[in-house]
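Descriptive analysis of the structure
Listed below are the residues making up each chain.
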Amino acid sequence: MDLKAQTQIERRDPATVMRLSRLGSLHQCRLSFMRQLTRRMAHENWAFSRPKFDIDAKGVGCAVYTAHGPERAYSLVAFAHDLPPEKRSDRVIADAWDATFALFDGIPSEADIERLSKNVPLQEAGRVSESELSLSRANRSVRLWSHVVDALAAGQQPDLEQIYQVGYLMRTTAVYGSGKFGAADREKVADRPEVYAPFQVEMLSVFLTRTFVRDLVQHMADAKGGSRAVKLDPDIARWLGIGNSTGLGMAPFIVNHPILFNNWIMAREKAIARVRSLESASESEVDQFRELFQRSQLSISWWRSQHPIQVEKLAALTADLDTLSDYLDTHALTDAFPWNRLMTWSETALSTEGQEFLASLILEPYGELVDGLATCMADSQAQAFVIDGTMSIGQARELIRDTHGWALDLDWEARENCARAWYVSEEKLEPRMGERFEEPIAEYEQPLAPARDAIAAYTLMGEWDESQTVAEFLLLCPEHRHTLRRVQMSRNAPYGEIRDNTIGSAVLPIDMLRAKLSFFGATHFDPRSDRWVRICMYSGAPYPEELTSENADFWVYPQVPV
Amino acid sequence: MSFSLNEMEATAKRATRGAGYSWGQAEEASKATRWLCMQGLDGAGTLARLLERGLTLNLAAHRPSQIECPWNAEDDLCPLSAGSLLSDSVHLLKTNPIEMQNVTMPALLLPFVSNAARLLQEALTVEIDGVQVVTDGDRLMAPDTLPDTAQRVVVSRSASPEGSRMRHTRAYPAPEDWDVLNHFAHRTYAPATEESRLLGAGAGLSDND
């Protein structure tokens, strides 16, 4: 009997993966939430309809788009507005938008639409109900919208170069789910297979929004050009994604949901380890990898940013693609453990951005090995919230050393190490980050520096007997309850904590935003400052009526034009 | 007006923190409030009345003075302190009931008892001055209202509840209680300044292009 153990490549060390610079370089992959959704909808043969499109020549009115799954339907109720240009802002402090949306659970009646028409356009100032699953809004890209309307109205197709470079006609500026502003809690839908994976409701809402935007631009062009207007070429329309502008509000999410975030990273790391553990790659697997590498280079060539940090990273990534291309020209990937060799090589040959691009790309030929991990990405461990008071102080301190060892020697009193503080503004009740020593915000600080807090608890527990219990400690020191809870969660969530300083003078919140958005499946990250970023979603994806099993997965990689 | 349970939880967390409890206690109070609302009990009113008591002025006087039973404090006992200790010390219930004395807003103990029942995987009875409440961690048998203070509360292992309250998916706080919670929550918000408007949210390149 052959007892030779199969070589098993371990998952990457959380100490490597969970650095902010790496999290801020993550790329979409097979497990991304948009791709999970399009694969499922194609596999289950979802049907789509547009029961209402009641929009006038000025672009004002309402439309409904319904997605019919095997058991249930979901409808995007869209309101289009005539927004004066001076009111158009992506910032969360805006109070009017070009279009506003709710995702309705089922098929809305006229009474539902009437109710929503009085609330959805107001966004945060309105109320939705348990029948709604998400609330969102979008603004036009001024650059591209008028170009596309004018071109179509004049009987011409829009310029592809401009479409490649902007990527979308509208960008959403918030997609609120999970009980926000009166909408249904996640619990209402969490046991439905089609929306069990994270953010499927939001991803569906954006998928339908993209269709609405395509229809609206056509409608406006038809209204303007009359009989001269032409229909937007579907091959051009496909490159139009939906933009998204994401600010600081999203950054605390990955800190506030350590188990959920762990599950995302863990799924991807397990997938990477599985592929690295393959002893050989078949010819068709290698061919597919090479093809998608070619296609991804085209996508990256369209990626634009003016932000100095991203400009530098893009230059490095572009150089990485050349380096990787040279490697692939000289290596047939026929050696033993080809993916592991490639990954190991990349650790010294490529930038962090290039390494993470590659780590996502090697997963592509292995749907059967990877896609099942998607089921592990939701957080179903509500009981992990409960602290185990019987744990000894010695054990708790050991857990802190394991996760936050890097932070033990940091001087947390030094100004540069605690220069920032996260707080919630009175004005919009949204998270912000400020200068602790320059603004009166310290007393309002949110608990978004887990490492600092862990070291504080560690130090204090050092004065206790190691055999005493966490329950005894917390009875007298309840200010450390949130920290001990997180510390205990780390036992089952090794990738739950960012292993970097989230309040230091050098922290870049855009790294936290990108980590989250990469799991959505976003591309073309374009930071607009150190704390907000624009992205593109669904560029290249089939529209609902085009969706098939053949195009449901690799749409993120553009086909090289013949 | 109905609120989602997430809205209830988020507001309860900010309110509890705003009233001076630690972040960890605020997390627990908010989950507890949500749980009460889910059971159709008045979570918002219960928490609002607790926060109005102002126990955080001297919280040490309102927490159990030791882990050994009975649990009492110099002053009346805060259910968030006693509840979290109960949840942290579930193993004690394996040998003896836990007795508490002079508890304010004892309904807030119930979510912690529910946690304990789940950890022990058996049902627990809470006797609140003679009123019996039973939970197995999932189901709850309890009257619609509970007193604002209890002289004596005893938590002990018991037979499973014979029925359960209907689950609710929304919270219906009384407007005045909702206002109280928002009043406390407001203390966690930093006043806006022009600087924070520009810098705090990270204005940068144009957002209208």
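Conventions adopted
Residues numbered from 1 in each chain as written. Chains lettered and ligands numbered in written order. Predicted model: local features only at pLDDT ≥ 70, side-chain atom pairs only at ≥ 80, totals over all residues. Helix = DSSP H or I, 4+ residues; strand = E, 2+ residues; numbered from the N terminus. Rg over C-alpha atoms; globule rule 2.2 N^0.38 Å. Buried ≥ 20, exposed ≤ 12 C-beta atoms within 10 Å, placed from the backbone. Pairing = 2+ DSSP bridges. Domains from an automatic or database assignment. Contact = placed C-beta atoms within 7 Å. Nonpolar A, V, L, I, M, F, W, Y, C, P; charged D, E, K, R; others polar. Axes fitted to C-alpha atoms, helices over the stretch in contact; angles between N-to-C directions. Core = buried A, V, L, I, M, F, W, Y, C linked by C-beta atoms within 7 Å. Parallel < 35°, antiparallel > 145°, perpendicular 65-115°, else oblique. Left-handed = near helix turned anticlockwise from the far one by under 90°.

1. Remarks on the overall build of chain A
Across its full length, chain A holds 21 helices and 11 strands. Expected size for 562 residues packed as a compact globule is a radius of gyration near 24 Å; at 25 Å, chain A falls within 12% of this value. With the C-alpha coordinates of chain A rotated into their principal frame, the extents come out at 85 × 60 × 45 Å. Out of the 562 residues in chain A, the part that is buried amounts to 49%.

2. Some thoughts on the sheet that holds strand 8 (residues 189–190) of chain B
Within the open sheet, the three strands sit side by side as 9(A)-8(A)-8(B). Their pairing is mixed. Each end of this open sheet is capped by a strand with a single partner; those strands are strand 9 (431–435) of chain A together with strand 8 of chain B. Of the pairings in the sheet, the one linking strand 8 (residues 420–425) of chain A to strand 8 of chain B comprises two bridges and is parallel in character. Residue pairing across strands places Ser425 of chain A opposite Ala190 of chain B, the latter belonging to strand 8 of chain B.

3. A short note on the domain arrangement of chain A
Note: interface size is frequently given as the accessible area lost on complex formation between the parts. Domain boundaries assigned for chain A yield domain 1 (33–247) and domain 2 (382–489). Its C-alpha centre places domain 1 of chain A at a distance of 40 Å from the equivalent point of domain 2 of chain A.

4. Digging into the interface of chain A and chain B
Contact residues are listed per partner, giving 54 residues for chain A and 44 residues for chain B. Within the residue set of the side of chain A that touches chain B, elements represented by two or more residues are helix 5 (142–153), strand 8, strand 9, helix 19 (470–476) and helix 20 (481–489) of chain A. Per-element accounting of the side of chain A that touches chain B gives the leading share, five residues, to helix 19 of chain A. Its residues placed into classes, the side of chain A that touches chain B shows 21 nonpolar, 15 polar and 18 charged.

5. A short note on the sheet that holds strand 7 (residues 241–246) of chain A
Residues and elements named next belong to chain A. Here nine strands make up an open sheet; going across it, the order is 1-2-3-4-5-6-7-11-10 and the pairing mixed. In this open sheet, the two edge strands, each paired with only one partner strand, are strand 1 (47–55) and strand 10 (523–527). Each strand of the sheet is rotated relative to its neighbour by a mean of 25 degrees, with strand direction disregarded. Note that strand 5 (residues 132–140) and strand 6 (residues 168–176) share six bridges and pair antiparallel. Note on strand 6: the bridge partner recorded for Arg140 is Met170.

6. What about the nonpolar core?
Ranked by size, the top nonpolar core spans 213 residues in total, and within it Leu109, Val113 and Leu181 of chain B carry the most contacts. Of all the elements, helix 8 (residues 200–225) of chain A adds the most residues to this core, at 12 residues. Among the domains, domain 1 (33–247) and domain 2 (382–489) of chain A are the pair contributing at least three residues each to this core. In this structure, Leu109 of chain B is in contact with Pro79, Ala82, Gly83, Leu86, Val103, Val126 and Val153 of chain B, ignoring residues within four places of it in sequence.

7. Brief notes about unusual backbone geometry
All names here are of chain B. At the junction of Cys69 and Pro70, the peptide bond is cis and its omega measures out at -5 degrees in the coordinates. Within the secondary structure, Pro70 sits in the loop between helix 3 (43–53) and helix 4 (79–88). Positive phi, close to 45 degrees, is recorded for Met105, a residue that is not glycine. Note that Met105 resides in the loop between strand 2 (98–104) and helix 6 (110–120). Judged by C-beta crowding, with 25 C-beta atoms within 10 Å, Met105 ranks as buried.

8. Observations regarding the pairing of strand 7 of chain A
Residues and elements named next belong to chain A. With respect to burial, strand 7 is a largely interior element, six of its six residues being buried. Pairing geometry for strand 6 and strand 7, over three bridges, is parallel. Residue pairing in the sheet places Tyr168 in a bridge with Gly241 of strand 7. Relative to strand 11 (residues 533–537), strand 7 runs antiparallel, the two being bridged by five bridges. The residue bridging Ser245 from the neighbouring strand is Arg534, located in strand 11.

9. Observations concerning the environment of Leu328 of chain A
All names here are of chain A. Position of Leu328 relative to the elements: it lies in helix 13 (residues 308–330). Look at Leu328 and you get partly exposed, because 16 C-beta atoms sit within 10 Å. Taking the C-alpha atoms as reference, Leu328 lies 32 Å from Leu513; in sequence the two are 185 residues apart. If we skip the residues at most four places from it in the chain, Leu328 touches Arg290 and Phe293.

10. Structural notes on the packing of helix 12 (residues 283–301) of chain A against helix 13 of chain A
Residues and elements named next belong to chain A. Closest axis-to-axis distance for the helix 12/helix 13 pair is 11 Å, and the angle between their directions is 160 degrees. Relative to helix 13, the element helix 12 is oriented roughly antiparallel. Considering the relative orientation of helix 12 and helix 13, their crossing is left-handed. The residues of helix 13 that touch helix 12, namely those facing Arg290, Phe293, Gln297 and Ile300, are Leu317, Leu321 and Leu328. Partitioned by chemical class, the residues of the contact of helix 12 with helix 13 number five nonpolar, one polar and one charged.

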